[in-house]
Amino acid sequence: MTDGTVLAIAVPASLAAGACFAVAGVLQQWAAAARPDSEALTPRLLAQLVRDRLWLCGIGLAVLAYGFQSLALSFGPLSLVQPLIVAELVFAVPLSARLYRMRLGRREWFGTLAVAVGLALALVSARPEGGRPQAVGLGSWLLVLGAVAGLVCAALAVGRVLTGPWRASATALAAGAVMGTQSVLLAATVDRLRQGLLTALAAWQTYALVVASVGGLLLIQSAFQQGPLAASLTVIDATEPVVAVTVGTTLFGETVRTGWPVSAVTVAGLGCVAAGIACLDTSRLIAALHGGRGRPGPPA
């Protein structure tokens, strides 16, 4: 496959995936934000959202985005595709503000671009690859899953005492951790599918994948319900790949590029992500997006 083919197919497909993810996130957050606060982190939230046509359109666009992502990965490496998909933030945050009849200022643009560019830098410089899912023992799985569960519980506990965008970000941190683990469970399940359907059905990872997918969906929608998109989607997009790479490296023996200046670029990228999230969460405009004048009514 030539470099021209990769650029002609992988790049447009990645950007299309990012655009679909962006609109999907905006539609889901718009629908979730209209739900009462009492439904956050409860199955009742999902039960109500599945009756919302706007939310279902968002889910449909997310499925389409995964299709574009799969197409991109068929022609290009993950190190090219994933950073391009992160461009969804550049689409999603301004679009969300536009729907709420607000305009982003310099602070909000800086925060959004810092998260997107920082995450892209970190992914490109680290460039995770390799790994052997089949060689992992149960003890290692339990240790890693226990650590992730601890992170999720801590994030949710902190979120209970926070308000505004910070609360949404804490729930989004829990959601990103679960979805990052879901990606690792998906890799383990796909690896077993290569050995046959019965092998996959006999593996506990397959059923853990289902639980993580449902739990992650509930946490994502709760984060959308608790605060503006800029406070939730940015944290989810940042946490998910970091957790996936960390767990993949720990469990599967995946390798990441290290040494000077690669590690410095990775650290700088993650620093940009943290600065961007803090900038958005302390923005008065972002806080207003979920306040009395920024909260949407039920969709028509």
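Our subject is the structure that appears above.
Residues numbered from 1 in each chain as written. Predicted model: local features only at pLDDT ≥ 70, side-chain atom pairs only at ≥ 80, totals over all residues. Heavy atoms only, no water.

Asker: With reference to specific residues and values, describe the pattern of salt bridges.
Answerer: For the structure shown, the criterion picks out two salt bridges. The shortest N-O distance in the salt bridge between Arg-35 and Glu-39 comes to 2.9 Å. (Salt bridge = Lys/Arg side-chain N within 4 Å of Asp/Glu carboxyl O.)

Asker: So what's going on with the layout of surface pockets? Residues and values would help.
Answerer: Estimates place the volume of the largest pocket at around 1700 Å³. Looking at the lining of the largest pocket, the elements that each hand over two or more residues are helix H1 (3–33), helix H3 (53–75), helix H4 (78–85), helix H6 (106–126), helix H8 (164–193), helix H10 (204–226) and helix H11 (229–252). For the lining of the largest pocket, the element with the highest residue contribution is H11, accounting for nine residues. Each residue belonging to the lining of the largest pocket can be placed in one class, and the counts come to 28 nonpolar, 14 polar and eight charged. Its volume calculated, the second largest pocket comes out at about 300 Å³. Elements represented by at least two residues in the lining of the second largest pocket include exactly H6, H11 and helix H12 (262–281). Tallying contributions element by element places H11 first for the lining of the second largest pocket, with five residues. A per-class count over the lining of the second largest pocket returns 10 nonpolar, five polar and one charged. (1 Å grid on protein atoms, 1.4 Å probe; cavity = no way out; pocket = protein on both sides within 12 Å on 5 of 7 lines; lining within 4 Å. Points joined across faces, edges and corners; volume = space filled by probe spheres on them. Helix = DSSP H or I, 4+ residues; strand = E, 2+ residues; numbered from the N terminus. Nonpolar A, V, L, I, M, F, W, Y, C, P; charged D, E, K, R; others polar.)

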